[in-house]
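A closer look at the structure
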Amino acid sequence: MFPPDILLPGPTPVPTAIEQAMLTPMSDHRGQLFQPIHDGVYDKLGILFQLPQDGAAAVIPSSGTGALEAAVQNFFAPNDRVLAVTTGAFGQRFAEAARAMDLEVEEMAVPWGSAFTVEEVLDRIHRASYRGVLVTHNETSTGVTNPVVELARHWPRAGDRPLLVVDSISGVPSIPLTFDEAPVDVLIAASQKGFMCPPGLGILLVSGYALKKRPTTRRGRFYFDLAPYFDRQLPYTPAVSLWYGLHQALDLLLQEGASRRWARHRLLASMTRRFGEVGGFSPLVAEPIASATVTALGVPTGLTPQAVRAAVAARGLQIAGGMGPWAKTAIRIGHVGAVTPQALFGGLAVLAHLSPRPTEALAAAWDVWRQAAQDSGPSR
Ligand SMILES: *Cc1c(COP(=O)(O)O)cnc(C)c1O
């Protein structure tokens, strides 16, 4: 009867204003009614990410993985040597996509629950020559944020340098990464996480250098050839309704503003972490590298992640399970997109039913919230 409450690292809750925008009657995607939506999406993405003049964007019909594949297809050719820095399931998926496209992939595997270090990645690219380096900004399987901003600041700028290609699908725009502060080459996002839309749109933002370095032959790509998108054309019928939603979402994101949005997500992560520490759901990654959008937690003694998820689902709350090696030990709480502190607190109250110290855990989360409110006023 009621839709479930969701605290997932995707899909995320869709605000009513976005749902309503997606009900806009269908019209010709090459007609006058759609033109301002199309141009508006690209202009607003440019503002949101501080895209330089010589950069470009592409909004394509796919989930995030399609956008990762499109990045590999469009910026590399078979046998190109790339370094894939993997910190969990999604880093490994990116590496697999590159292997599937016949790139020569060298993997720098970092243990689950850790972040890569900037020094090690820079050391690798100085010791060998790569056409590109694939990194995950926010590793959704572990809830680790990698130091991509710092890596971008130290990235070589001269000569025939490697492309820095970033999967930030569960990162931006909820955690900082903009081209003025962190000039990456290919930034990949998707509609159903921080963009608060349903799944179905892949979003790529690219530097002028990346555009120049693209292989010239089109072999190995057709539908996902991004060239027309970078010229702001629509080669095929777009997902019209999702475009209306994304256009509205970009207005909401720009209204909230970057610093408030980033602070809100940090607050949500701190509330979740404190709840877990006090309530017997121990956080699985160290605080300095903990993600602002997703938190992996252990479960209280005597419970399994499956049992916890089933029990909260019976109370109308959906949370995510652990992945890969963490499948039997972890749950993941997504606090990304349109989630407010009060919505998160409601979700934690459901989870508290399974905690050996429910009231203490909720009080600890609420204390974090109160402290943040005192520091900065209401977050919305
Ligand atoms: C969600 C996600 C993806 C893409 O998943 P899709 O299901 O294809 O949208 C890729 N990388 C990361 C880091 C993600 O969080």
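Scroll up a little and you will see the structure.
In this text the structure is predicted, and so the values were computed from the model without any measurement.

The subject of this paragraph is the side chain of K44. With respect to the secondary-structure elements, K44 resides in helix 2 (residues 35–48). Judged by its relative accessible area of 18%, K44 falls in the buried class. Not counting residues up to four positions away in its chain, the partners in contact with K44 are H247, L250, D251 and L254.

Geometrically, the link from G10 to P11 is a cis peptide bond, its omega value of -5° lying close to zero. Note on placement: P11 falls in the loop between strand 1 (5–7) and helix 1 (16–22). Look at D102: it is not a glycine, yet its phi comes out positive at around 65°. Structurally, D102 can be placed in the loop between helix 4 (89–100) and strand 4 (104–109). Take D102: its relative accessible area is 48%, and that puts it in the partly exposed class.

Around the ligand, the neighbouring residues are S63, G64, T65, F90, R93, N138, T140, D167, I169, S170, Q192 and K193. The contact in question runs from an oxygen atom of the ligand to an N or O atom on the side chain of K193, over 2.6 Å. For the ligand, whose unbound accessible area comes to 380 Å², protein coverage reaches 88%. Sorting the residues of the shell around the ligand by element identifies helix 3 (64–75) and helix 4 as the ones contributing at least two each.

Conventions used here
- Residues numbered from 1 in each chain as written.
- Predicted model: local features only at pLDDT ≥ 70, side-chain atom pairs only at ≥ 80, totals over all residues.
- Heavy atoms only, no water.
- Helix = DSSP H or I, 4+ residues; strand = E, 2+ residues; numbered from the N terminus.
- Buried < 20%, exposed > 50% of the residue type's maximum accessible area, 1.4 Å probe, protein only.
- Contact = heavy atoms within 4.5 Å.
- Near = heavy atom within 4 Å.
- Polar contact = N/O pair within 3.5 Å; in protein donor to acceptor, adjacent residues only side chain to side chain.
- Areas by Shrake-Rupley, 256 points an atom, 1.4 Å probe, with all protein chains shown as cover.

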